[in-house]
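Spelled out, the chains give:
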Amino acid sequence: MRNDLKLPPLYKTLLMLALVFGPFYWLAFTEDGQRRTDLALMFLLGKPELNAAVDAFTSALSEAQIRETFPKLAFQCADGTNPFGDRLCAAEIGAFNGIPASSVTLFLVDEGLRAVKVSYRRIYHPWIREWVEGRVVESGDPAASNGIAETGDGVATWAVPDGLLIMRDGELAREDDPALFWLSRAALARQAAARAADQAPFN
């Protein structure tokens, strides 16, 4: 007796629906799918990607070196006092090391880099923290904190060779700015000096 290898119509219909809607469900309703969709959208919009090991940045870096290393970033700069220097440069980005992001801001003193702020969509806050912890653990640098975050007042910090990586700890509140900061030792010293001056007694 000859075997009937024909698929039942209902099975074929369900198979076709799975083939059509399976990828859509993955792209729209899973975290990895949403990330890849956002990355593709940023690429189509022409937003450049920032692939940077900010944990390895130092205050010896200059604005010119940053521009040379990341030529696709269209930095807009302005002089003026800011919390970490006297000049800042900002550029729109589409991704930060494979994670959807919106902008990067450089804080400088003259030409020297003092701090960096990477802004990202709040949905990717856990992804950014995972990236930070992975980078600090893998660095193997004795000056780093071996991936252990110091937490307090809702802020997490990691020691890196020249300064700290800083971001909000835990879930972001509505008013929280989804951002990762790198602060150099020079920037931290500047802030400490400013606080000391504010707290100095009147003569």
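Above this text sits the structure in question.
Residues numbered from 1 in each chain as written. Predicted model: local features only at pLDDT ≥ 70, side-chain atom pairs only at ≥ 80, totals over all residues. Heavy atoms only, no water.

### Remarks on the overall build of the protein
Rules: Per the convention used, a helix needs a DSSP run of H or I reaching at least four residues, while a strand needs a run of E reaching at least two, with both numbered from the N terminus. Classification of residues uses two cut-offs on accessible area relative to the type maximum, computed with a 1.4 Å probe and protein chains only: under 20% is buried, over 50% is exposed, and between them is partly exposed. When checking whether two residues touch, look at their non-hydrogen atoms; a contact exists if any pair is within 4.5 Å. Reported accessibility uses the Shrake-Rupley method at a 1.4 Å probe radius. Residues are deemed covered only where the shown protein chains occlude them.
Each helix and strand in the protein was counted, giving 5 helices and 10 strands. Across the 203 residues of the protein, 36% fall into the buried class. By sequence separation, contacts in the protein at least 24 residues apart represent 49% of the contacts at least 6 residues apart. As presented, the protein carries roughly 12,600 Å² of accessible surface, and 58% of it is formed by carbon and sulfur atoms.

### Section: the pattern of salt bridges
Rule in force here: Just to be clear on terms, a salt bridge is a Lys or Arg side-chain nitrogen sitting within 4 Å of an Asp or Glu carboxyl oxygen.
Under the defined criterion, the tally for this structure stands at 8 salt bridges. Where Arg135 meets Asp55, a salt bridge forms, and the shortest distance between an N and an O atom there is 3.1 Å. With Arg135 in helix 4 (residues 125-139) and Asp55 in the loop between strand 1 (49-50) and helix 3 (63-69), this pair connects stretches of sequence that are 80 residues apart. For Asp55, a relative accessible area of 5% puts it in the buried group. Glu133 serves as the salt-bridge partner of Arg129, at 3.1 Å between the closest nitrogen and oxygen. With Arg129 and Glu133 both in helix 4, this residue pair falls 4 residues apart, about one helical turn. A residue is classified by how much of its surface remains accessible, and Arg129, at 18% relative accessible area, is buried.

### Some words on the environment of Val160
Topologically, Val160 is positioned in strand 8 (residues 155-160). Take Val160: its relative accessible area is 3%, and that puts it in the buried class.

### Looking at the state of the cysteines
Our working rule: We call a pair of cysteine sulfur atoms a disulfide whenever their separation is within 2.5 Å.
Scanning the entire structure with this criterion turns up 1 disulfide. Through a disulfide, Cys77 is tied to Cys89; the S-S separation comes to 2.0 Å. Linking Cys77 and Cys89, the disulfide has an S-S dihedral of approximately 115 degrees and is accordingly described as right-handed. Taken together, the residues Cys77 in strand 2 (residues 76-82) and Cys89 in strand 3 (residues 85-92) connect sequence positions 12 residues apart.

### Describing the packing of aromatic side chains
Just so we agree on the cut-off: Here is the rule: rings of Phe, Tyr and Trp (six-membered ring for Trp) pair when centre to centre is within 6.5 Å. Planes less than 30 degrees apart are stacked, more than 60 are edge-to-face, and the remainder are tilted.
Applying the stated criterion to the full structure yields 5 aromatic pairs. Ring centres 5.9 Å apart and planes at 85 degrees place the aromatic pair Phe57 and Trp182 in the edge-to-face group. Taken together, the residues span a long stretch of sequence, with Phe57 in the loop between strand 1 and helix 3 and Trp182 in strand 10 (residues 179-183) at a distance of 125 residues. The exposure class assigned to Phe57 is buried, which follows from its relative accessible area of 10%.

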